[in-house]
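Understanding the architecture of this molecule
What follows is each chain in one-letter form.
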Amino acid sequence: MNYWLMKSEPHTFSIDDLQRAPQQTDHWEGVRNYQARNYMRDQMKMGDRIFFYHSSCETPGITGVMEVVKECHPDLSALDPNSPYFDPKSTKAIPRWWMVSVRLIEKFNDIIPLRILKNIPPLQTMVLLKPGNRLSITPVSATEWAFIISLKGT
DNA sequence: GCCAACGTTGGC
DNA sequence: GCCAACGTTGGC
């Protein structure tokens, strides 16, 4: 099983939005970065675990856990001229953008803030923490995953 | 709001 | 293929 971290701005789509969704499931539309897309298209598999990360907000950090419930399929928001994610270069025949569907497994009682993660030596290997990193989807190692899970509620 | 870092675009 | 200009991300 692979582990991941996916960012979302909570004023656009928060963990509470996912919790309210039918079956607590939604598709992860709107990724418009090739490397992040490739992770979803080529590497994310059923059952992979994902940290839900809130970015560009008062307290950025990890807010819960999701799993992949549907592997890559075309991101149709790219075809919708009324969508903020519209991309005229994507077509139905040759989709440029792909996404996975995710289901909420757990919303943490308390967010694990980025500023805490930054101060934990065993987590300095995280791609998320690499200087200059802006990727909205990053891989997480099994070791990093287990360590972060152990921080819950502390 | 600032700004550093990074990705994309497009002329040549 | 180079690279300058521009746009975006995202913490602070």
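Residues numbered from 1 in each chain as written. Chains lettered and ligands numbered in written order. Predicted model: local features only at pLDDT ≥ 70, side-chain atom pairs only at ≥ 80, totals over all residues. Heavy atoms only, no water.

**Some remarks on the sheet that holds strand 2 (residues 25-27)**
- Read across the open sheet, the six strands follow the order 2-5-4-3-1-6; overall the sheet is mixed. On the outer flanks of this sheet lie strand 2 and strand 6 (137-140), each paired with one strand and no other. Across the sheet, the axes of successive neighbouring strands diverge by a mean angle of 35°, strand direction being ignored.
- As judged from the four bridges shared by strand 1 (residues 3-8) and strand 6, these two strands associate in the antiparallel manner. Following the sheet pairing, Leu5 is matched in strand 6 by Thr138. (Pairing = 2+ DSSP bridges. Helix = DSSP H or I, 4+ residues; strand = E, 2+ residues; numbered from the N terminus. Axes fitted to C-alpha atoms, helices over the stretch in contact; angles between N-to-C directions.)

**What about the protein's contact with DNA strand C?**
- Looking at DNA strand C, the residues that line it are Lys7, Tyr53, Ser55, Ser56, Pro60, Leu114, Lys118, Arg134 and Leu135.
- Backbone sugar and phosphate groups make up 75% of those atoms of DNA strand C lying within 4 Å of the protein.
- Residue Tyr53 places a side-chain N or O atom 2.7 Å away from a phosphate oxygen belonging to DNA strand C.
- Within the contact set of DNA strand C, a base oxygen lies 2.5 Å away from a side-chain nitrogen or oxygen of Arg134.
- Residue composition of the surface near DNA strand C, by class: four nonpolar, two polar and three charged. (Near = heavy atom within 4 Å. Polar contact = N/O pair within 3.5 Å; in protein donor to acceptor, adjacent residues only side chain to side chain. Nonpolar A, V, L, I, M, F, W, Y, C, P; charged D, E, K, R; others polar.)

**Quick word on the pairing of strand 3 (residues 49-54)**
- Counting buried residues in strand 3 gives five out of six residues, a clear majority hidden from the surface.
- Pairing of strand 1 with strand 3, which is carried by six bridges, proceeds in the parallel orientation. For Tyr3, the partnering residue across the bridge sits in strand 3 and is Arg49.
- Pairing analysis gives six bridges linking strand 3 to strand 4 (residues 61-74), with the strands arranged antiparallel. If you follow Phe52 over to strand 4, its bridge partner there is Gly64.
- Joining the antiparallel neighbours strand 3 and strand 4 is a turn of six residues, in which Ser56 adopts a positive phi near 50°. (Buried < 20%, exposed > 50% of the residue type's maximum accessible area, 1.4 Å probe, protein only.)

**Brief notes about unusual backbone geometry**
- Although it is not a glycine, Gln23 sits at a positive phi angle of roughly 60°.
- Tracing the chain through its elements places Gln23 in the loop between helix 1 (15-20) and strand 2.
- You can call Gln23 exposed: its relative accessible area is 69%.
- Of note, the phi angle at Gln24 is positive, near 50°, even though the residue is not glycine.
- In this fold, Gln24 is placed in the loop between helix 1 and strand 2.

**Regarding the side chain of Thr63**
- With respect to the helices, strands and loops of the structure, Thr63 is situated in strand 4.
- Of the residues examined, Thr63 reaches a relative accessible area of 7% and is grouped as buried.
- The residues contacting Thr63, other than those within four sequence positions of it, are Ile15, Phe52, His54, Glu106, Lys107, Phe108 and Ile111. (Contact = heavy atoms within 4.5 Å.)

These figures come from the coordinates and say nothing about function on their own.
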